[in-house]
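Inside the fold
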Protein chains: 2
Amino acid sequence: MSYTNFPSKLLENAVAEFSKLPGIGRKTALRLVLHLLNQPKEDVHKFGSSITQLRDEIKHCSSCYNISDTEICDICANPKRDHETICVVESIRDVMSIERTQQYNGIYHVLGGIISPMDGIGPSDLQIDPLIVKANEGKMKEVILALSTTMEGDTTNFYLYKKLNKFNINITTIARGVSIGDELEYTDEITLGRSILHRTPFDQNL
Amino acid sequence: MSYTNFPSKLLENAVAEFSKLPGIGRKTALRLVLHLLNQPKEDVHKFGSSITQLRDEIKHCSSCYNISDTEICDICANPKRDHETICVVESIRDVMSIERTQQYNGIYHVLGGIISPMDGIGPSDLQIDPLIVKANEGKMKEVILALSTTMEGDTTNFYLYKKLNKFNINITTIARGVSIGDELEYTDEITLGRSILHRTPFDQNL
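Everything numeric in this text was worked out from a predicted model, so none of it was measured.

The subject of this paragraph is the interface of chain B and chain A. Between chain B and chain A, the contact holds 58 residues from the first and 58 residues from the second. The junction of chain B with chain A conceals about 5900 Å² of combined surface from both sides, 69% of it contributed by carbon and sulfur atoms. Our count for the chain B to chain A interface comes out at 10 residue pairs in polar contact (both at pLDDT 80 or more). The element contributing the most residues to the side of chain B that touches chain A is helix α3 (residues 41-57) of chain B, with 15 residues. Along the lines of polarity and charge, the residues of the side of chain B that touches chain A split into 29 nonpolar, 14 polar and 15 charged.

Next up, the structure:
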């Protein structure tokens, strides 16, 4: 039987493109493509151009490397924010997560990744040099290292600490401890150990 | 804080488009969009055009309504296939599933949906009339109704049966029964009941 796969090259091509996306297998890709096939032409064009336009026209803030439609992003351009406190994050997703907490009023520095020798990502692939330049200009009071608690995160933290240590800057990391809503019984011992080591004064308002 | 959502309209737009896809929420959409942002420009353009091109240029076989790059699909154009046996399916996905079994040598008729009053889909929204026309031409010996075993599938089966019954055509449905690999204990009683009612002679070769 000659017809074992897709009845159309165009269909096969679209499915192949969709299944390149992370977490999307061939079956899901086919479902998504067939869904789009059933949509009006203009909607499908809007879908296609939304992503190509984003890729073509996206800018990164020239100060913090966050994604931005303008030369300087809204956060860096905001005079009400504390420009002497810089939170170092891996990606724009982390900026969005921290912003959503509404607990932070400083600015950010987006590394664009994390040191990961396994994936061939070294310090030179990340926006580390601009951070050192900023530190050298003497305008920073505090750098908050807000990276993942993985081996790669710890490696990157250590690398940044070594680079920033010679400046007169307060280097902090986000608190590690038991998540809110977690039961102690199910908390891993490293987290629990750290949470006891770094215990904080009791605050009845929290 | 003014910045509660996306740092870029372009990004927000792309995420909104992706989250229109079935089963894709805002978080997954953001992950997919950020993944595409990290890809080379030409790859993103290939992705975008694969789907718009498909939507613009896709053809349906003028005989069976299967998706096809040509006026008549490969299956309908194949002289080795039995053109007097027509398998009625809901969508092109079902054609692909049945073809994969390599057990069927007839041709297909793709309805393009299923009668579903809840979703506002009636017989006139489906390719039912062309099937009746084909039946009327007297070239069919057998129509196999291969629709889902849902209420909508049964409704559509019944509607098609009423329409096709007046012609001298053998109307069959795919066998219902216990799936291969299933344990009887966990099979629902309707399926089990039908499988006993429609028992078949034992064949030691199967």
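This part takes up the sheet that holds strand β5 (residues 142-145) of chain B. Residues and elements named next belong to chain B. If you trace the four strands from one edge of the open sheet to the other, you get β4-β3-β5-β6, paired in parallel fashion. Each end of this open sheet is capped by a strand with a single partner; those strands are β4 (106-110) and β6 (170-173). Between one strand and the next, the sheet's axes are offset by a mean angle of 25°, whatever the strand orientation. Bridge count for β5 against β6 is four bridges, and the pairing is parallel. Its bridge partner being in β6, E142 is matched across the sheet by N170.

As annotated in UniProt, the feature "domain: Toprim" (unreviewed entry) corresponds to residues 84-179 of chain A in the numbering used here. For residues 84-179 of chain A, the helix share is 33%, the strand share is 20%, and the end-to-end C-alpha distance is 29 Å.

Now for the relation of the copies chain B and chain A. What relates the pair of chain copies is a rotation about an axis plus a shift along that axis. The operation relating chain B to chain A is a screw motion whose rotation component is 180°, with 0.0 Å of axial translation and a residual RMSD of 0.1 Å. Here the two chains are linked by the operation of a two-fold rotation axis. Relative to the rotation axis, the closest C-alpha in chain B is found at G48(B), a distance of 2.2 Å. Mapped onto chain A, 100% of the interface residues of chain B again fall at the interface, so both copies present the same surface.

This paragraph deals with the sheet that holds strand β3 (residues 82-89) of chain A. All names here are of chain A. Taking strand neighbours across the sheet as the criterion, the four strands line up as β4-β3-β5-β6 in an open arrangement whose pairing is parallel. Of all strands in the sheet, those with a lone pairing partner are β4 (106-110) and β6 (170-173), marking the two edges. Averaged over all pairs of adjacent strands, the angle between strand axes in this sheet comes to 25°, irrespective of strand direction. Docked against the sheet, helix α5 (residues 92-101) engages β3 and β4, running at close to 160° with respect to β4. Along the sheet, helix α6 (residues 129-136) makes contact with β3 and β4, crossing β4 at roughly 145°.

Right, let's get into the domain arrangement of chain A. Put simply, an interface is often sized by how much accessible area is lost when its parts join up. Partitioning chain A into domains gives domain 1 (9-57) and domain 2 (60-173). On a C-alpha basis, the centres of domain 1 of chain A and domain 2 of chain A stand 33 Å from each other.

With a phi angle near 55°, Q102(A) is a residue other than glycine that sits in the positive phi range. If you trace the backbone, Q102(A) turns up in the loop between α5 and β4. Assessed through its relative accessible area of 49%, Q102(A) is described here as partly exposed. With phi around 70°, Y65(B) is a residue other than glycine that occupies positive phi space.

Calculation criteria
Residues numbered from 1 in each chain as written. Chains lettered and ligands numbered in written order. Predicted model: local features only at pLDDT ≥ 70, side-chain atom pairs only at ≥ 80, totals over all residues. Heavy atoms only, no water. Contact = heavy atoms within 4.5 Å. Buried area = accessible area lost by both parts, 1.4 Å probe. Polar contact = N/O pair within 3.5 Å; in protein donor to acceptor, adjacent residues only side chain to side chain. Helix = DSSP H or I, 4+ residues; strand = E, 2+ residues; numbered from the N terminus. Nonpolar A, V, L, I, M, F, W, Y, C, P; charged D, E, K, R; others polar. Pairing = 2+ DSSP bridges. Axes fitted to C-alpha atoms, helices over the stretch in contact; angles between N-to-C directions. UniProt positions renumbered as here; feature names shortened; annotations may be inferred. Least-squares fit on C-alpha atoms with pLDDT ≥ 70 in both. Domains from an automatic or database assignment. Buried < 20%, exposed > 50% of the residue type's maximum accessible area, 1.4 Å probe, protein only.

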